[in-house]
There are 2 protein chains.
Amino acid sequence: MRASFETIAWTPGGTVRLLDQTRLPLEEIYVECRDWPEVAEAIRLMRVRGAPAIGVAGGMGMALAARGLAADRFEPFLSELEQVGAALVRARPTAVNLRWGIERILEFARKRRDLPLPELRRAIADEARRMRDEDIAVNRAMGAHGQALVPDRATILTHCNAGALATAGYGTALGVIRAAVEAGKRVSVLAGETRPWLQGARLTAWELQRDGIPVRVIADAMAASLMRQGRVQLVVVGADRIAANGDVANKIGTYAVALLARAHGIPFYVAAPASTFDLRLASGAAIPIEERDPEEVTHIAGVRVCPPGVGALNPVFDVTPAEHVTAIITERGILRPPYPEAIRARIPVEG
Amino acid sequence: MRASFETIAWTPGGTVRLLDQTRLPLEEIYVECRDWPEVAEAIRLMRVRGAPAIGVAGGMGMALAARGLAADRFEPFLSELEQVGAALVRARPTAVNLRWGIERILEFARKRRDLPLPELRRAIADEARRMRDEDIAVNRAMGAHGQALVPDRATILTHCNAGALATAGYGTALGVIRAAVEAGKRVSVLAGETRPWLQGARLTAWELQRDGIPVRVIADAMAASLMRQGRVQLVVVGADRIAANGDVANKIGTYAVALLARAHGIPFYVAAPASTFDLRLASGAAIPIEERDPEEVTHIAGVRVCPPGVGALNPVFDVTPAEHVTAIITERGILRPPYPEAIRARIPVEG
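Residues numbered from 1 in each chain as written. Chains lettered and ligands numbered in written order. Predicted model: local features only at pLDDT ≥ 70, side-chain atom pairs only at ≥ 80, totals over all residues. Heavy atoms only, no water.

**Q** Please clarify how the relation of the copies chain B and chain A should be interpreted in this entry.
**A** Put simply, the two copies of the chain differ by a rotation about an axis and a shift along that axis. It takes a turn of 180° to lay chain B on chain A, together with a shift of 0.0 Å along the axis; the resulting RMSD is 0.0 Å. The transformation just described matches what one would write down for a two-fold rotation axis. Take the interface residues of chain B: 100% of them recur as interface residues in chain A, which is what a same-surface contact looks like. (Least-squares fit on C-alpha atoms with pLDDT ≥ 70 in both. Contact = heavy atoms within 4.5 Å.)

**Q** Just to check I follow, could you spell out the side chain of Thr15(A) for this structure?
**A** Residue and element names in this part refer to chain A. Summarising the element assignment, Thr15 is placed in the loop between strand E1 (8–10) and strand E2 (16–19). At 2.7 Å, the side chain of Thr15 forms a polar contact with the side chain of Thr11. Among the polar contacts made by the side chain of Thr15, one reaches the side chain of Glu32 at a distance of 2.7 Å. Apart from the residues lying within four places of it in its own chain, the contact partners of Thr15 are Ala9, Trp10, Glu32, Cys33, Arg34 and Leu64. (Helix = DSSP H or I, 4+ residues; strand = E, 2+ residues; numbered from the N terminus. Polar contact = N/O pair within 3.5 Å; in protein donor to acceptor, adjacent residues only side chain to side chain.)

**Q** What's the story with the interface of chain B and chain A in this structure? I'm lost.
**A** Put simply, an interface is often sized by how much accessible area is lost when its parts join up. Each partner contributes to the interface: chain B provides 53 residues, whereas chain A provides 53 residues. For the pairing of chain B and chain A, the buried interface totals around 4,300 Å² over both sides, and the portion due to carbon and sulfur atoms is 72%. At the surface where chain B touches chain A, the tally comes to four salt bridges. Where Arg231(B) meets Glu291(A), a salt bridge forms, and the shortest distance between an N and an O atom there is 3.6 Å. For the pair chain B and chain A, the interface holds ten residue pairs in polar contact (both at pLDDT 80 or more). If you list the elements that add at least two residues to the side of chain B that touches chain A, you get helix H7 (199–210), strand E6 (215–218), helix H8 (223–228), helix H9 (254–263), strand E13 (303–304), strand E14 (311–312) and strand E15 (317–320) of chain B. Of the residues assigned to the side of chain B that touches chain A, the class counts are 36 nonpolar, seven polar and ten charged. As paired elements, strand E6 (residues 215–218) of chain A and E14(B) share two bridges and run parallel to each other. In the strand pairing of E14(B), Arg216(A) is matched with Gly311(B). (Buried area = accessible area lost by both parts, 1.4 Å probe. Salt bridge = Lys/Arg side-chain N within 4 Å of Asp/Glu carboxyl O. Nonpolar A, V, L, I, M, F, W, Y, C, P; charged D, E, K, R; others polar. Pairing = 2+ DSSP bridges.)

**Q** So what exactly am I meant to see when it comes to the environment of Glu323(B) here?
**A** Residues and elements named next belong to chain B. Secondary-structure assignment places Glu323 in the loop between E15 and strand E16 (327–330). What makes Glu323 exposed here is its relative accessible area of 57%. With 78 residues separating them in the primary sequence, Glu323 and Asn245 have C-alpha atoms 9.7 Å apart. (Buried < 20%, exposed > 50% of the residue type's maximum accessible area, 1.4 Å probe, protein only.)

**Q** So what exactly am I meant to see when it comes to the packing of aromatic side chains here?
**A** Both the distance between ring centres and the angle between the ring planes are used here to describe each pair of aromatic rings. Summed over the entire model, instances satisfying the criterion amount to two aromatic pairs over all chains. Stacked on the ring of Phe108(A), the Lys or Arg Arg112(A) has its end atom at 3.6 Å from the ring centre. Between the NZ or CZ atom of Arg17(B) and the centre of the ring of Tyr30(B), over which it lies, the distance is 4.1 Å. (Phe/Tyr/Trp six-rings, centres within 6.5 Å; stacked < 30°, edge-to-face > 60°. Lys NZ or Arg CZ within 6 Å of the ring centre and 35° of its normal.)

**Q** Whenever I open this one, the packing of helix H2 (residues 51–68) of chain A against helix H5 (residues 117–146) of chain A confuses me. Can you help?
**A** Geometrically, a packed helix pair is captured by the angle between its two axes and the distance between the axes. Residue and element names in this part refer to chain A. In contact at an axis separation of 8 Å, H2 and H5 are set at 170° when each is read in the N-to-C sense. Viewed along their axes, H2 and H5 adopt a mutual orientation that is roughly antiparallel. Where H2 approaches H5, its residues Pro52, Gly55, Val56, Gly59, Met60, Ala63, Ala66 and Arg67 are matched on the opposing element by Arg121, Ile124, Ala125, Ala128, Arg129, Met131, Arg132 and Asp135. Partitioned by chemical class, the residues of the contact of H2 with H5 number nine nonpolar, two polar and five charged. (Axes fitted to C-alpha atoms, helices over the stretch in contact; angles between N-to-C directions. Parallel < 35°, antiparallel > 145°, perpendicular 65-115°, else oblique.)

**Q** What should I look at first to understand the sheet that holds strand E3 (residues 30–33) of chain A in this one?
**A** The strands making up a sheet associate through hydrogen bonds between their backbones, and the pairing can be parallel or antiparallel. Residues and elements named next belong to chain A. Here three strands make up an open sheet; going across it, the order is E1-E2-E3 and the pairing antiparallel. Since the sheet does not close on itself, it has two edges, and those belong to E1 and E3, each with one partner. Each adjacent strand pair in this sheet contributes to an overall mean axis angle of 20°, direction not counted. Direction of pairing for E2 relative to E3: antiparallel, over a ladder of four bridges. Residue pairing across strands places Leu18 opposite Val31, the latter belonging to E3. This element, helix H1 (residues 36–44), spans E2 and E3 of the sheet and lies at about 145° to E3.

**Q** Just checking my understanding: could you explain unusual backbone geometry for this structure?
**A** With glycine set apart, most residues show a phi of negative sign, and most peptide bonds adopt trans. A cis amide bond links Leu24(B) with the next residue in sequence, Pro25(B), at an omega value of 5°. Residue position: Pro25(B) is located in the loop between strand E2 (16–19) and strand E3 (30–33). Note the cis peptide between Arg195(B) and Pro196(B), where omega equals 5°. Mapped onto the secondary structure, Pro196(B) falls in the loop between strand E5 (188–192) and H7. Even without glycine at this site, Thr194(A) takes up a positive phi of about 70°. For Thr194(A), the position within the fold is in the loop between strand E5 (188–192) and helix H7 (199–210). The phi dihedral of Cys160(B) falls on the positive side, at around 60°, and the residue is not glycine. Along the chain, Cys160(B) turns up in the loop between strand E4 (155–159) and helix H6 (173–182).

This is the structure we're talking about:
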């Protein structure tokens, strides 16, 4: 079961086509980027979001740039491409994957200085497409491993959107769910709405409905009560970053779900590719928690819900200690505690 | 410190004045009810909400009715008043306190059949005012007991609105906080926004700001992470119903906060008057969990956030098992485990 829509694609006409996630779930609109500044703009406006998807968008933006550069020798070509990369990364300076996607194309080019430029331009476009295909392949491998953990007839709780929309396609946490459906399991999904941004209500609900997978939305605060009533069999979420000891940084609210799952004896799984592991971090304590604009809490869908003058807290991520994670599903297999050993054995140091 | 606004009042002109809670937090509008159908309408439209406040509104609505009845003998007077009571209760048929407030006035009248009718009408109005004053007195007594549990400089997490807005004034959980402030303690409040209705963001934030008590709003899913960072010293919430074993039914999300508090070694207090205890219920398992319209989850402030066709769950209450409740603050003192014994000793059977 592939996702029935394409988050990001390189079109036959040589443009980059993105599903505009700011218009979901009410409209399914695709934007077509003809040059790299249009890709930068789409990233900046969050038309494309999710770490892996942004990484691929960065790579494809670089491929559009390479095609358009007027240089007829390698040195000026590379120098101009590097300048584009520096500009493109500013579209979302804190997105590690954007930097990674751009750097991968630059490295690719640096190693091919002997190719004729027209050939190099084509090779770069191929490499950008390969990044997308690799991301989907990694998600599929994760799904194949992870679906074994899903019992038939399970109701699965997820948080935020770790789906086809956040990746080049298929998804991490939602990839595990898609793979379970492909394996013939009859599952049903509860999507935590994920305040303040409502990625669960807006995006997870949209993409699962689109693929015909039963999904219902809940307010985040409802999860505990549903668990107590036996209405949740397992939890699966994605991850933004995983430390060497297995601590998981992910969207705010993930840690609560992990604690609540543990209190009710429900397995809590994290689905994340090897690239999510940051082995320079000994533990989650070293992960800084970004705080964003309080307006994301005090306003919903443009409507003020708090009294004027009342502030709000808005931490974007939280850290779930490894002890609350039942298993980590990766494309290299399923990691189980003790995580430091499991991670050392299966995850390459370059991450 | 009394609340700087009046949720419900009997005006010198003999009308019932209500703070319109559907207009909060953006507008502070009072509606004046001249007869009982206007009170019924205000209850039906949720201009007044919160179990104790609705009970007092019911009593005052009956007093308005008593004044307006044309009957000049006791029997037809009582019969007409009973008919008004039956109509008024339909404004919110599931509100136990509304029925209680109406019945209290009817009982009061039945016992005074020998009074001249003009005098009885005045006595009924006095009784309705007394219901309001008693509710505030009960809240103040609860506050006096409960504030002893609040350390200086504490950051207090609360959920939903168990405040002056939900009662005749002062509040239950927020009454404890007001009493702590009166006792000179420097406290700060985190208000869980309380999806789907946002009573925390809309009402708790408004009434604490109005009284100059520092308050910030958080999305419900943020509580766990803030607890882990040591940014919450205690939790205090209200209750809708408490069973004989100490199980607490309250707004959805309360159970999650209780579990999370316990996991972080943070005290979790429930503030509730003796009238909240329903000693016919052996445990919380006997409390039915009402499910409301999924649109309250799929839409926020009138704006659709979920894809069309995707459903949602919307349980209104949850049940927190007594084992997770550190103490129950009542006007009769602070109850501690084992609750069955503490409740039997302090709470009269009539509730």
